[in-house]
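Below are the chains, spelled out letter by letter.
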Amino acid sequence: MDVRRRFQVTNFVLVAVAVTHALATWPLADTAALFLGGMVLAFVLEAVTIRLGFLEHAVEPQLAGVPVTIVLVWPAVVYVSYRLALLVVPGTVPAAALAALLATLGDVATDPRGVRDGLWRYPPARLSKPRFYGVPWWNFVGWLVIVFVTALFPELAGRVV
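Residues numbered from 1 in each chain as written. Predicted model: local features only at pLDDT ≥ 70, side-chain atom pairs only at ≥ 80, totals over all residues. Heavy atoms only, no water.

Caption draft 1: Fine view of helix α1 (residues 3-25). With 23 residues, α1 should cover 33 Å at 1.5 Å per step; its first-to-last C-alpha distance of 33 Å lies within 8% of that length. Contacts made by the buried residues of α1 are with α2 (28-51), α3 (68-88) and β4 (120-121). (Helix = DSSP H or I, 4+ residues; strand = E, 2+ residues; numbered from the N terminus. Expected span 1.5 Å × (residues − 1). Contact = heavy atoms within 4.5 Å.)

Caption draft 2: Summary view of the packing of α3 against helix α4 (residues 92-116). One way to put it is that α3 packs onto α4 with a least axis distance of 8 Å and a crossing angle of 125 degrees. Taken together, the axis directions place α3 and α4 in an arrangement best described as oblique. When you trace α3 past α4, the crossing you get is right-handed. Seen from α3, the contacting residues are Val77, Ser81, Tyr82, Leu84, Ala85, Leu86 and Val88; seen from α4, they are Thr92, Ala95, Ala96, Leu98, Ala99, Leu102 and Ala103. Residue classes in the contact of α3 with α4 are distributed as 12 nonpolar, 2 polar and no charged. (Axes fitted to C-alpha atoms, helices over the stretch in contact; angles between N-to-C directions. Parallel < 35°, antiparallel > 145°, perpendicular 65-115°, else oblique. Left-handed = near helix turned anticlockwise from the far one by under 90°. Nonpolar A, V, L, I, M, F, W, Y, C, P; charged D, E, K, R; others polar.)

Caption draft 3: Structural detail: the pattern of salt bridges. Tallied over the full model, the rule gives 3 salt bridges. Glutamate 56 is the salt-bridge partner of arginine 121, the closest N and O atoms lying 3.1 Å from each other. With arginine 121 in strand β4 and glutamate 56 in strand β1 (residues 56-57), the pair connects residues that are 65 residues apart, well separated along the chain. A relative accessible area of 39% places glutamate 56 in the partly exposed class. Salt-bridge contacts for aspartate 117 lead to arginine 116; the nearest nitrogen and oxygen are separated by 3.1 Å. (Salt bridge = Lys/Arg side-chain N within 4 Å of Asp/Glu carboxyl O. Buried < 20%, exposed > 50% of the residue type's maximum accessible area, 1.4 Å probe, protein only.)

Caption draft 4: Molecular detail of the packing of aromatic side chains. Per the stated rule, a full pass over the model turns up 9 aromatic pairs. With centroids separated by 5.5 Å and ring planes inclined at 65 degrees, the aromatic side chains of phenylalanine 7 and tryptophan 120 adopt a geometry described as edge-to-face. Pair noted here: phenylalanine 7 is in helix α1 and tryptophan 120 is in strand β4, with a separation of 113 residues, a long-range link. Pairing tyrosine 122 with tryptophan 138 gives two aromatic rings, centres 5.7 Å apart and planes at 80 degrees, and the pair type is edge-to-face. Here tyrosine 122 is found in the loop between β4 and β5 (131-132), whereas its partner tryptophan 138 is found in helix α5 (residues 137-160), with 16 residues between them in sequence. One aromatic cluster is present, built from ring pairs that chain together Trp26, Phe35, Tyr79 and Tyr82. (Phe/Tyr/Trp six-rings, centres within 6.5 Å; stacked < 30°, edge-to-face > 60°.)

Next up, the structure:
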């Protein structure tokens, strides 16, 4: 199986497992807030990053340059990280912070491989230095912030509704 196909299959399996687990163990409103909100946030921020010329993807299919796989898997990664964090620390905010750290560490381990395998690339840019195995520093900062915010979506949605 080629690297792009393997990437898509493993990510779709993660999405299926995460969504199934969430639906079986969480209120529907919390599940919808995290997964739908996470997909919207992932799409918007990924599209902006691509539009600014900081990121290019080779994974298809794409919508506005953003791979559908990325949009679907983002909230699944947040969900798994958040649920693991809740096993270790009590409270929404501390768990969201730990989830951000866990997911970012996962990205530190996997994003350079995606660059190496040609799944995506970060074109040269002044803002994109320094890099860790081809991945710019701002990618990891973005993971910390965006995972933290996404993990808070169920709590925030509960206050609005």
